Amino acid sequence: MSIFEYNGSALVAMVGKNCFAIASDRRLGVQLQTVATDFQRIFKIHGKLFIGLSGLASDAQTLYQRLVFRHKLYELREERDMKPETFASLVSAILYEKRFGPYFIQPVIAGLGDEDKPFICTMDSIGAKELAKDFVVAGTASESLYGACESMFKPDMEAEELFETISQALLSSVDRDCLSGWGGHVYLVTPTEVTERILKGRMD
């Protein structure tokens, strides 16, 4: 078993019309044994920027603390919030810095940039970015997430339709992966508000 699969995870971010959604499962496991069913994988950087960290849970929490620290320094120096593109470059640089002993994670970054244009991207454990205009996925359920998102996604969805689409994609995908699941956690972000919802899924 790969170290990336040790705790199990499912992450997906999807773009709508001037909005985006980012969702994850809630299971924390040690291989096939479930340890917690309310684990947080998606973290808020500021009101319009979120990061999801799939992979090894301990590395995810360590990296999140470093990112909060770096973002606070940026806020103090620049007196503004970081743009999603800038934040993605920061995450990429931090990961590449540790390339000889990497953080075993695969991040998903989602945010609203200039003129509320949604931005999503993912990267590998050494910071090679992969930008997308529709959706990005990560974690042990990524293969089934690709299939579900490919078939369900359509461009320029309104916020509520986007929530429904990402939720159905996540729930149907984690049912096909034994290392992730146990419900879902969805953030729906529009220019004016952030909605957080917990999904109930199969508890097995």
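Since the structure is predicted, the reported quantities are computational estimates derived from the model, not experimental observations.

Visitor: Residue-level account of the overall build of the chain, with values.
Guide: Scanning the chain from N- to C-terminus turns up four helices and twelve strands. Taken over C-alpha atoms, the radius of gyration comes to 16 Å for the chain, in line with the 17 Å a tight globule of 204 residues would show. With the C-alpha coordinates aligned to their principal axes, the bounding extent of the chain is approximately 45 × 40 × 25 Å. Taking the contacts inside the chain whose residues are at least 6 apart along the sequence as the reference set, 62% of them involve residues at least 24 apart. Summing over all exposed atoms, the chain offers an accessible surface of approximately 9,800 Å²; the carbon and sulfur share of this is 49%. With 22 positive and 28 negative side-chain charges, the chain shows a separation of 4 Å between the mean positions of the two kinds.

Visitor: Lay out helix H4 (residues 159-174) with the relevant residues and their values.
Guide: Over its 16 residues, H4 extends 23 Å from the first C-alpha to the last, a length consistent with the 22 Å expected when each residue adds 1.5 Å. Taken residue by residue, H4 has Ala 159, Leu 162, Phe 163, Thr 165, Ile 166, Ser 167, Ala 169, Leu 170, Ser 173 and Val 174 as its buried positions. On its buried face, H4 sits against strand E1 (10-15), strand E2 (20-25), helix H3 (142-152), strand E11 (184-189) and strand E12 (194-199).

Visitor: Which residues make up the side chain of Ser 180, and what values go with them?
Guide: Residue position: Ser 180 is located in the loop between H4 and E11. When its relative accessible area of 6% is taken as the criterion, Ser 180 is described as buried. In this structure the side chain of Ser 180 is engaged in a polar contact, spanning 2.6 Å, whose partner is the side chain of Asp 177. With residues near it in sequence (within four places) discarded, Ser 180 still touches Ser 9, Ala 10, Asp 25, Arg 27, Thr 140, Ala 141 and Val 174.

Visitor: Would you mind going over helix H1 (residues 57-78) in detail, with residue names and values included?
Guide: Here H1 contains 22 residues, and its C-alpha end-to-end distance of 31 Å stays within 8% of the 32 Å for a straight helix at 1.5 Å per residue. Regarding H1, the residues found buried are Ala 57, Asp 59, Ala 60, Leu 63, Leu 67, His 71 and Tyr 74. On an axial view of H1, the arc spanned by its buried residues comes to 130°, and they lie on one face. Summarising the geometry of H1, the exposed residues directed more than 90 degrees from the buried face are Gln 65, Phe 69, Lys 72 and Leu 76. On the buried face of H1, the contacting elements are strand E3 (28-30), strand E5 (42-46), strand E6 (49-55), helix H2 (84-97) and strand E7 (105-112). Downstream of H1 by a residue or two, Glu 79 has a phi angle that is positive, lying close to 60°.

Visitor: Go over the sheet that holds E5 with me, naming the residues and quoting the values.
Guide: Strand order in the open sheet formed by five strands is E5-E6-E7-E8-E9, with antiparallel pairing between adjacent strands. Both outer strands of the open sheet, E5 and strand E9 (129-132), are each paired with one neighbouring strand and no more. Strand after strand, the sheet turns through a mean of 20° between neighbouring axes, direction not considered. Summarising the sheet, E5 and E6 pair through four bridges and their orientation is antiparallel. Bridge pairing in E6 links Phe 43 to Ile 51.

Visitor: Residues and numbers for the layout of surface pockets, please.
Guide: What the largest pocket holds in volume is close to 290 Å³. Along the walls of the largest pocket sit 13 residues, with Lys 117, Pro 118, Phe 119, Ala 132 and Lys 133 positioned nearest its centre. Of all elements in the fold, only strand E8 (118-123) and E9 reach the threshold of two or more residues within the lining of the largest pocket. For the lining of the largest pocket, the element with the most residues is E8, which contributes three residues. Of the residues in the lining of the largest pocket, the class split is six nonpolar, two polar and five charged.

Conventions we followed
- Chains are numbered independently. Their residues run from 1 in the order of the written sequence.
- Confidence filtering applies because this is a predicted model: local features only for residues at pLDDT of at least 70, side-chain atom pairs given and counted only at 80 or more, and all residues used for totals across whole chains, interfaces and linings.
- Hydrogen atoms and water are omitted, and side-chain values are computed over all heavy atoms in the structure.
- The helix count covers DSSP runs of H or I at least four residues long, the strand count covers runs of E at least two residues long, and both are numbered beginning at the N terminus.
- Using C-alpha atoms as the atom set, the radius of gyration is obtained and then compared with a globule rule of 2.2 Å times the number of residues to the power 0.38.
- Only heavy atoms matter for contacts: two residues are in contact if any of them lie within 4.5 Å across the pair.
- For accessible areas, the Shrake-Rupley method is used with a probe of radius 1.4 Å. Any residue's cover is judged against the shown protein chains and nothing else.
- His is not counted here, nor are the chain ends, while Lys and Arg score as positive and Asp and Glu score as negative.
- All charge positions are set by atom: Lys at NZ, Arg at CZ, Asp at CG, Glu at CD.
- Any helix carries an expected span of 1.5 Å times its number of residues minus one.
- Each residue gets one of three labels from its accessible area relative to the maximum for its type: buried under 20%, exposed over 50%, partly exposed in between, using a 1.4 Å probe on protein chains only.
- Any pair of nitrogen or oxygen atoms within 3.5 Å is treated as a polar contact; in protein, a donor-acceptor pairing is required on top of that, and neighbouring residues in sequence qualify only through side-chain atoms on both sides.
- In this context, the arc is that of the directions from the helix axis out to the C-beta atoms.
- A strand pair is defined by DSSP finding two or more bridges across the two strands.
- Lines are fitted to the C-alpha atoms to define the axes, a helix being fitted only along its stretch in contact, and any angle between axes, read from their N-to-C directions, falls within 0 to 180 degrees.
- Think of a 1 Å grid over the protein atoms and nothing else: a 1.4 Å probe that fits but is trapped marks a cavity, an open set flanked by protein within 12 Å on at least five of seven lines marks a pocket, and residues with an atom within 4 Å of a point count as lining.
- Grid points are joined across faces, edges and corners, and a volume is the space filled by probe spheres set on the points.
- Basically, the charged four are Asp, Glu, Lys and Arg, the nonpolar ten are Ala, Val, Leu, Ile, Met, Phe, Trp, Tyr, Cys and Pro, and anything else, Gly included, counts as polar.

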